[in-house]
Amino acid sequence: MINFAVIGTGWITDSFIQSAHATKSWKLSAVYSRKEATAKEFGAKYDVTTVHTTLGSLANDASIAVVYIASPNSLHYSHAKEILSAKKHVILEKP
């Protein structure tokens, strides 16, 4: 099972999670949002309680192998750079 996290809490993230879970090989394990309440609310839909409100804490989460990034386009580079620098895989939503 591949544990992944998401950056972004919109409909496209929901679509990715549903597809990932359908493979039975991927498990959503953490949600990042700048606001803790937003991350908790989004994570609750998938029974996920691990939330991160800083990129640093997400990047340092040893249980996460892959991060799906669906943040606003202007943040893609900085988000991807930090996650890749932590030696994690990145799936980046196209702009």
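Residues numbered from 1 in each chain as written. Predicted model: local features only at pLDDT ≥ 70, side-chain atom pairs only at ≥ 80, totals over all residues. Heavy atoms only, no water.

### Quick notes on the packing of aromatic side chains
Logical step 1: Overall, the coordinates contain four aromatic pairs when judged by the stated rule.
Logical step 2: Seen from their ring centres, F4 and F16 are 5.7 Å apart, and the 90 degrees between their planes marks the pair as edge-to-face. Linking F4 in strand 1 (residues 2-7) with F16 in helix 1 (residues 11-22), this pair joins segments that are 12 residues apart in sequence.
Logical step 3: Owing to a relative accessible area of 0%, F4 belongs among the buried residues under this scheme.
Logical step 4: Ring centres of F4 and W26 lie 5.8 Å apart, and the angle between their planes is 70 degrees; this geometry places the pair in the edge-to-face category. In this pair, F4 is assigned in strand 1 and W26 in strand 2 (residues 26-32), connecting sequence segments 22 residues apart.
Logical step 5: Members of the aromatic cluster, each reached through a chain of ring pairs, are F4, F16, W26 and Y68. (Phe/Tyr/Trp six-rings, centres within 6.5 Å; stacked < 30°, edge-to-face > 60°. Helix = DSSP H or I, 4+ residues; strand = E, 2+ residues; numbered from the N terminus. Buried < 20%, exposed > 50% of the residue type's maximum accessible area, 1.4 Å probe, protein only.)

### Concerning the UniProt feature "domain: Gfo/Idh/MocA-like oxidoreductase N-terminal" (unreviewed entry) in the chain
Logical step 1: As recorded in UniProt, the feature "domain: Gfo/Idh/MocA-like oxidoreductase N-terminal" (unreviewed entry) lies at residues 2-95.
Logical step 2: End C-alpha atoms of residues 2-95 are separated by 25 Å, and the span's content is 38% helix alongside 24% strand. (UniProt positions renumbered as here; feature names shortened; annotations may be inferred.)

### Structural notes on the sheet that holds strand 5 (residues 89-92)
Logical step 1: Pairing is parallel across the open sheet formed by five strands, whose spatial order is 3-2-1-4-5. Edge strands, defined here as strands with exactly one partner in the open sheet, are strand 3 (51-52) and strand 5.
Logical step 2: Pairing between strand 4 (residues 66-69) and strand 5: four bridges, direction parallel. Of the residues in strand 5, the one forming a bridge with Y68 is I91.
Logical step 3: In the packing of helix 1 onto the sheet, contacts are made with strand 1, strand 2, strand 4 and strand 5, and the angle to strand 1 comes to roughly 175 degrees.
Logical step 4: Contacts from helix 4 (residues 76-85) reach strand 1, strand 4 and strand 5, with the element oriented near 160 degrees to strand 5. (Pairing = 2+ DSSP bridges. Contact = heavy atoms within 4.5 Å. Axes fitted to C-alpha atoms, helices over the stretch in contact; angles between N-to-C directions.)

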